[in-house]
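# Fold and contact review
If you want the building blocks of each chain, they are given just below.
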There are 2 protein chains.
Amino acid sequence: MARTDPEIGPAPPATERGRRTRRKLLDAATAEFGERGFHEASIASITQRAGVALGSFYTYFGSKEAIFRDLVRDLSDGVRFAAAQRLAERDLGALDTERAALSAFLEFAREHKEIYRIIDEAEFVDPQSYRDHYEKTAERILGRLRIGAGAGELRDDLEEAHAWAIMGMNVFLGLRYAVWADEDNAADGAERAALAANSILAEGIGPRPKTS
Amino acid sequence: MARTDPEIGPAPPATERGRRTRRKLLDAATAEFGERGFHEASIASITQRAGVALGSFYTYFGSKEAIFRDLVRDLSDGVRFAAAQRLAERDLGALDTERAALSAFLEFAREHKEIYRIIDEAEFVDPQSYRDHYEKTAERILGRLRIGAGAGELRDDLEEAHAWAIMGMNVFLGLRYAVWADEDNAADGAERAALAANSILAEGIGPRPKTS
DNA sequence: CTATAACTTGAAACATGGTTCAAGTTTCAA
DNA sequence: TTGAAACTTGAACCATGTTTCAAGTTATAG
């Protein structure tokens, strides 16, 4: 669990004013990175959006990469937190939980395409955060699978690879039916995607036994 | 089917020498982009690897983006072609075909991590190629599913979303167990991944009927 | 109050690397 | 043989945008 990064940039803000400014920069950066991508984004534009002088940026972040890294970690935590909360609301069976998780994710991706994009771009800008994000997400999924297996609602031989498979399904369905969707049929597409995924999880793709 | 891009850059090489040089640049670019990513990569370094003068680059490609675009299309075609060939060798049942496809993909990704990376980075450098790649791939998968359904080996209600779900599984398993694998247990991990995916497709994740 | 730390400012320094170009060399058809 | 088109060359141009910095302002502890 040791921090890999020995170079720790600027100290955290000591005053309320400082924290506010830092937050403004982070929010501005979310918009900027989300709209233009990491490389197109400019620090000048971020500080402008934040209503802050260019130089102030370096009071809070050591570099363009640094703010991106912080951002990805923020967003990654936020996404997982939102999802967990959403699932905690109701107590569902194992398969329904997975369906709900995917639905929540699709809805979230539809509302916050920028976030989706930022996290994905981390694969190239800050690979470590990217790995961390998906590893943590896979762990969450695996945790749910284990609970389901314990309750006898799922197979009892599910392991890491199954969690990654499910995560991959979800991510690609999100890309196709949330991020790339035309706004018109977005909700509809998301619905079909969720059903398709769930039916695979429920019964696989093999031939259906004759309708009982 | 109209070409979206009216600006067509340099004309294709007219002589054998020209075609050779262009190919050298493309190969060098594969290595360069694969190792350093699009933005870290430099044209100077590409021409150096190719053993060609800097200026020659612009005889064949209009810009850094242009060569990247060409490259992605090349690689995308190559990957699909290799996969198709591999599957055509033997005539397998529908489920075994999917397993074979995933195995082939994992092996390929393990051998050519650069290619995997380049195609993925296209999401940010040249979104159109990225979409094209995955849309074509999903179509291939859907085609296989339809054949399987026609033969009564698969459910007959499989549609686009199912293909995307399967593709997502494959891509993420590839990321985790081929691209990120430590070389030691790579082959083993890939094997388990393929089994996990196939078991989901075969029977879902629901509880197993008591072992007959 | 007041001294010090925290924070703000924006112009200027700086680095990088994509792109152009004018001059040379090779190829090849007529 | 010869002239034009295809190709090669690498130095110089140039745009861009990150980072630094020294001077000013605001907050806060003693």
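The coordinates are above.
Residues numbered from 1 in each chain as written. Chains lettered and ligands numbered in written order. Predicted model: local features only at pLDDT ≥ 70, side-chain atom pairs only at ≥ 80, totals over all residues. Heavy atoms only, no water.

## Describing the overall build of chain A
Just so we agree on the cut-off: Per the convention used, a helix needs a DSSP run of H or I reaching at least four residues, while a strand needs a run of E reaching at least two, with both numbered from the N terminus. Burial here depends on accessible area, computed with a 1.4 Å probe over protein chains only, as a share of the maximum for the residue type. Under 20% is buried, over 50% is exposed, and the range in between is partly exposed. In what follows, a contact means two residues having at least one pair of non-hydrogen atoms within 4.5 Å. In these tables, accessible area is a Shrake-Rupley quantity obtained with a 1.4 Å probe, and a residue counts as shielded only by the protein chains included in the view.
When helices and strands are tallied, chain A shows nine helices and zero strands. Taken from the N to the C terminus, the helices and strands of chain A come in the order α-α-α-α-α-α-α-α-α. Summarising its shape, the C-alpha atoms of chain A cover approximately 70 × 45 × 30 Å along the three principal directions. Here chain A holds 212 residues, and 48% of them are scored as buried. Within chain A, counting contacts between residues at least 6 apart in sequence, those at least 24 apart form 67% of the total. For chain A, the accessible area works out to roughly 10,800 Å², and carbon and sulfur atoms hold 51% of it.

## Here we look at the interface of chain B and chain A
To be explicit about the condition: Buried surface area refers to the total accessible area, computed with a probe of radius 1.4 Å, that the two partners give up upon joining, counted for both partners together. For this analysis, a salt bridge means a side-chain nitrogen from Lys or Arg found within 4 Å of a carboxyl oxygen belonging to Asp or Glu. Any N or O atom pair separated by 3.5 Å or less is treated as a polar contact, with the protein-specific requirement of one donor-capable and one acceptor-capable atom, and with residues adjacent in sequence counted only for side-chain atom pairs. Side-chain classes follow a simple rule in which Ala, Val, Leu, Ile, Met, Phe, Trp, Tyr, Cys and Pro form the nonpolar group, Asp, Glu, Lys and Arg form the charged group, and the remainder, Gly included, forms the polar group.
Each partner contributes residues to the interface: chain B has 48 residues there, and chain A has 48 residues. Across the interface of chain B and chain A, roughly 4,500 Å² is buried in total on both sides, 66% from carbon and sulfur atoms. Taken as a group, B:Arg155, B:Phe172 and B:Ile205 account for 18% of the area that chain B buries against chain A, more than any other trio of residues on that side. Viewed at the interface, chain A and chain B are joined by four salt bridges. A salt bridge links B:Glu160 to A:Arg176; the shortest N-O distance between them is 3.1 Å. Joining chain B to chain A, the criterion identifies 19 residue pairs in polar contact (both at pLDDT 80 or more). Looking at the side of chain B that touches chain A, the elements that each hand over two or more residues are α6 (113–125), α7 (127–150), α8 (160–179) and α9 (186–203) of chain B. Broken down by element, the residue count for the side of chain B that touches chain A peaks at 15 residues, all from α8(B). Tallied by class, the residues present in the side of chain B that touches chain A amount to 26 nonpolar, seven polar and 15 charged.

## Focus on the packing of helix α5 (residues 94–111) of chain A against helix α7 (residues 127–150) of chain A
All names here are of chain A. The cut-off we apply is this: Axis lines are fitted through C-alpha atoms, for helices just across the contact stretch, and the angle between N-to-C directions can take any value from 0 to 180 degrees. Here roughly perpendicular refers to angles of 65 to 115 degrees, roughly parallel to angles under 35, roughly antiparallel to angles over 145, and oblique to all remaining angles.
Two elements in contact, α5 and α7, have axes whose closest approach is 9 Å; the angle formed by their N-to-C orientations is 160°. Accordingly, the angle class assigned to the pair α5 and α7 is roughly antiparallel. Judged by residue contacts, Ala94, Thr97, Glu98 and Ala101 of α5 engage Ile141, Arg144, Leu145 and Gly148 from α7. The residue inventory of the contact of α5 with α7, partitioned by class, reads four nonpolar, two polar and two charged.

## So, the packing of aromatic side chains
Heads up, the condition is: In this analysis, rings of Phe, Tyr and Trp, with Trp reduced to its six-membered ring, are considered paired at centre separations within 6.5 Å, and the interplanar angle assigns stacked below 30 degrees, edge-to-face beyond 60, and tilted for intermediate values. Any Lys NZ or Arg CZ that is within 6 Å of a ring centre and within 35 degrees of that ring's normal is treated as a charge sitting over the ring.
Within the structure shown, the criterion is met by 23 aromatic pairs over all chains. A centroid spacing of 6.4 Å and a plane angle of 40° characterise the contact between A:Trp164 and B:Phe172, whose relative ring orientation is tilted. With one member in each of two chains, A:Trp164 in helix α8 (residues 160–179) and B:Phe172 in helix α8 form a pair that bridges those chains. Like A:Trp164, the residue B:Phe172 is buried in the burial classification. Ring plane angle 85° and centroid distance 5.2 Å describe the contact between B:Phe33 and B:Phe68, whose orientation is recorded as edge-to-face. Separated by 35 residues along the polypeptide, B:Phe33 in helix α1 (residues 16–40) and B:Phe68 in helix α4 (residues 64–89) bring together distant segments of the chain. The same class applies to B:Phe33 and to B:Phe68, which are both buried. Grouping aromatic residues by their ring pairs yields a cluster made of A:Tyr130, A:Tyr134, A:Trp164, B:Phe172 and B:Trp180. One residue, B:Arg176, lies across the ring of A:Trp164, its end atom 5.9 Å from the ring centre.

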